[in-house]
Amino acid sequence: MEDLLDKLQLMNYEESLIRKNNMKPLSRHYFALPTNPGEQFYMFTSLAAWLLNQTGRTFEQPQEYDDPNVTITNILTELRALGGSVDFPPNKLKQGYGEQVCYVLDRLAEEALKCTGFNWKRPVYPAEEMEEEALIEDDAELTLNKLHDELIEETEDYEEGEPFLDLEVLKAQGQNTEGIECSKPEEILESTTDAAEWNLEVERVLPQLKVTIRTDNKDWRIHVDQMHQHKEGIETSLKETKSYLDKLQDEISRTLEKVSSREKYVNNQLENLIQDFRAAQAQLSEAKDRYQQGSGGVTERTKLLSEISEELEKVKQDMEEKGSSMTDGAPLVKIKQALTKLKQEITQMDIRIGVVEHTLLQAKLKEKSNMTRDMHATNIPETTLGGY
């Protein structure tokens, strides 16, 4: 959903869609969670129509009273035409939220970005800059009389985030004071100023007297003091928890003793029952062994019984077949039909044989008549020649 929102922002959907139609801007999880199904479905269809128009296709903006089934089918057909795969039922889009809605809008947004000529480039990472160590400067207003005490307290508590004095500055100030002390006169100096005026001047200048103190987190003294503080905290917490742990140990030991004593009492009371149970368990194991042996023999006998029953079934089937063949008159009918058929075929053969014999006889007679005719024809010329 976040990727989809980034793609929509790249296409400036707020100006061209949201403000024109007086819609609410989308949140990062608008289509991921159910809030108002009717409003979400209308927003989904409006976005899909706008994205399809961005891809170059003409798709009318859906209205609130349109048939949702028709609108969903039109959106899915356009998505298939753009090359998107739809492997879910269209009813999933009626909800107006869910994985399928995000998939359809994301796919249409990708196609719209392709049509606008947008290309994703490789990210350019900025050069990392070393973070400058933060210097904590706290100004502490100190009076001249309590300066030494406060400096001591600050050096003891500087690991808690309070500032400490810059030693180099103090060293330079000490060198300056040494130079001044070397040049002081030998006579005793006496002040000519009034004490009341001096106190008034001190009160006037006191707010301006400030000492700049800097802390360095890399100083080993800070770590040592932190270690001491943590050690003291551990010791104090250990003292508090040790008493609770001792009480807990005593309670656990007492409960364990009670449990052990109760267990011994229960074992003594149930010793006879345990022995009876063990004897019954031994008898049960013996009965199980006998049952297994008996079941083995039973299985063998059942196998033999099944084999004998199979053979008996075969014998019964043979007997039934033979009895049915003996009592059945179908074979006799078949024999009679075959005999009648043979008789018919014999009569037909006799007729054919008679016809053949008749034709042979006629052929022989014809041949014989031809031979006699030929013989008479040859004898007539010879007689005629002899008469002449």
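Residues numbered from 1 in each chain as written. Predicted model: local features only at pLDDT ≥ 70, side-chain atom pairs only at ≥ 80, totals over all residues. Heavy atoms only, no water.

(A) Fine view of the overall build of the protein chain. Looking only at helices and strands, the protein chain features 11 helices and two strands. Of the regular secondary structure in the protein chain, the N- to C-terminal order runs α-α-α-α-α-β-α-α-α-β-α-α-α. Residues classed as buried in the protein chain amount to 16% of the 388 residues present. Of the accessible surface of the protein chain, which amounts to about 32,200 Å², a share of 55% is contributed by carbon and sulfur atoms. (Helix = DSSP H or I, 4+ residues; strand = E, 2+ residues; numbered from the N terminus. Buried < 20%, exposed > 50% of the residue type's maximum accessible area, 1.4 Å probe, protein only. Areas by Shrake-Rupley, 256 points an atom, 1.4 Å probe, with all protein chains shown as cover.)

(B) Geometry of the environment of Ala-48. As for its position among the elements, Ala-48 is in helix α3 (residues 37–54). A C-alpha to C-alpha distance of 10.0 Å links Ala-48 and Leu-76, two positions 28 residues apart in sequence. Leaving out residues up to four positions away in the same chain, Ala-48 has contacts with Ile-75, Leu-105 and Leu-108. (Contact = heavy atoms within 4.5 Å.)

(C) Just helix α1 (residues 2–10), in detail. Listing the buried residues of α1 in full gives Leu-4, Leu-5, Lys-7 and Leu-8. An end-on view of α1 places all buried positions within 160° of arc, on one side of the element. Here the buried face of α1 lies against α2 (13–21), α3 and α5 (99–116). (Arc of directions from axis to C-beta.)

(D) View of a negative patch on the surface. A cluster of acidic residues, Glu-313, Asp-318, Glu-320 and Glu-321, forms a negative patch on the protein surface. Within the fold, Asp-318 resides in helix α10 (residues 271–327). Residue Asp-318 is classed as partly exposed on the basis of its relative accessible area, which comes to 40%. (Patch = residues over 30% accessible without salt bridge, like charges linked within 9 Å, V, L, I, M, F, W, Y side chains within 5 Å. Salt bridge = Lys/Arg side-chain N within 4 Å of Asp/Glu carboxyl O. Lys, Arg positive; Asp, Glu negative; His and termini not counted. Charge placed at Lys NZ, Arg CZ, Asp CG, Glu CD.)

(E) The pattern of salt bridges, seen in detail. Inspection of the entire model under this criterion finds three salt bridges. When the shortest N-O distance is used, the salt bridge between Glu-110 and Arg-107 registers 3.7 Å. Here Glu-110 and its partner Arg-107 are both found in helix α5, three residues apart, which amounts to about one turn of the helix. For Glu-110, a relative accessible area of 30% gives the class partly exposed. Glu-201 is the partner of Arg-204 in a salt bridge, and the nearest nitrogen-oxygen pair spans 2.2 Å. Taken together, the residues span about one helical turn, with Arg-204 and Glu-201 both in helix α8 (residues 195–205) at a distance of three residues. Since its relative accessible area comes to 52%, Arg-204 is described here as exposed.

(F) Quick look at the packing of α1 against α5. Taken N-terminus to C-terminus, the directions of α1 and α5 make an angle of 35°; their axes are 10 Å apart at the nearest point. You can see that α1 and α5 cross each other, and the crossing is left-handed. Between α1 and α5, the residues in contact are Leu-4, Lys-7 and Leu-10 and Leu-105, Asp-106, Ala-109, Glu-110 and Leu-113, respectively. Along the lines of polarity and charge, the residues of the contact of α1 with α5 split into five nonpolar, no polar and three charged. (Axes fitted to C-alpha atoms, helices over the stretch in contact; angles between N-to-C directions. Left-handed = near helix turned anticlockwise from the far one by under 90°. Nonpolar A, V, L, I, M, F, W, Y, C, P; charged D, E, K, R; others polar.)

(G) Highlighting the confidence of the model for the protein chain. When the pLDDT values of the protein chain are averaged, the result is 76; 76% of them are 70 or greater. Looking over the protein chain, one finds the lowest element-wise mean pLDDT in strand β1 (residues 137–141), namely 41, and the highest in helix α9 (residues 220–269), namely 90. Every residue in residues 158–165 is under pLDDT 50, and counting partners more than four places away or in other chains gives 25 contacts. Note on residues 178–184: pLDDT is under 50 here. Beyond four places in sequence and across chains, it has zero contacts. (pLDDT = per-residue confidence, 0-100.)

(H) Representation of the nonpolar core within the structure. Ranked by internal contacts, the top residues of the largest apolar core, which has 36 residues, are Leu-8, Leu-26, Phe-31, Phe-44, Leu-47, Leu-51 and Leu-105. In terms of residue count, α3 provides more of this core than any other element does, nine residues in total. Beyond its immediate chain neighbours, meaning those up to four positions away, Leu-8 contacts Tyr-13, Leu-26, Leu-47, Trp-50 and Leu-51. (Core = buried A, V, L, I, M, F, W, Y, C linked by side-chain atoms within 4.5 Å.)

(I) Examining the side chain of Thr-71 more closely. Mapped onto the elements of the fold, Thr-71 is located in helix α4 (residues 68–81). Owing to a relative accessible area of 10%, Thr-71 belongs among the buried residues under this scheme. Not counting residues within four places of it along the chain, the set of residues in contact with Thr-71 comprises Thr-45, Pro-62 and Asp-66.

(J) Structural view of the packing of α3 against α4. As a packed pair, α3 and α4 sit with axes 11 Å apart at the nearest point and diverge in direction by 35°. For the pair α3 and α4, the sense of crossing is left-handed. Contacts between α3 and α4 involve Phe-41, Phe-44, Thr-45, Ala-48 and Leu-52 on the former and, on the latter, Pro-68, Thr-71, Ile-72, Ile-75 and Glu-78. For the contact of α3 with α4, the per-class residue count stands at seven nonpolar, two polar and one charged.

(K) Spotlight on the side chain of Glu-78. The residue Glu-78 is located in helix α4 in this model. Using a relative accessible area of 19% as the deciding quantity, one classes Glu-78 as buried.

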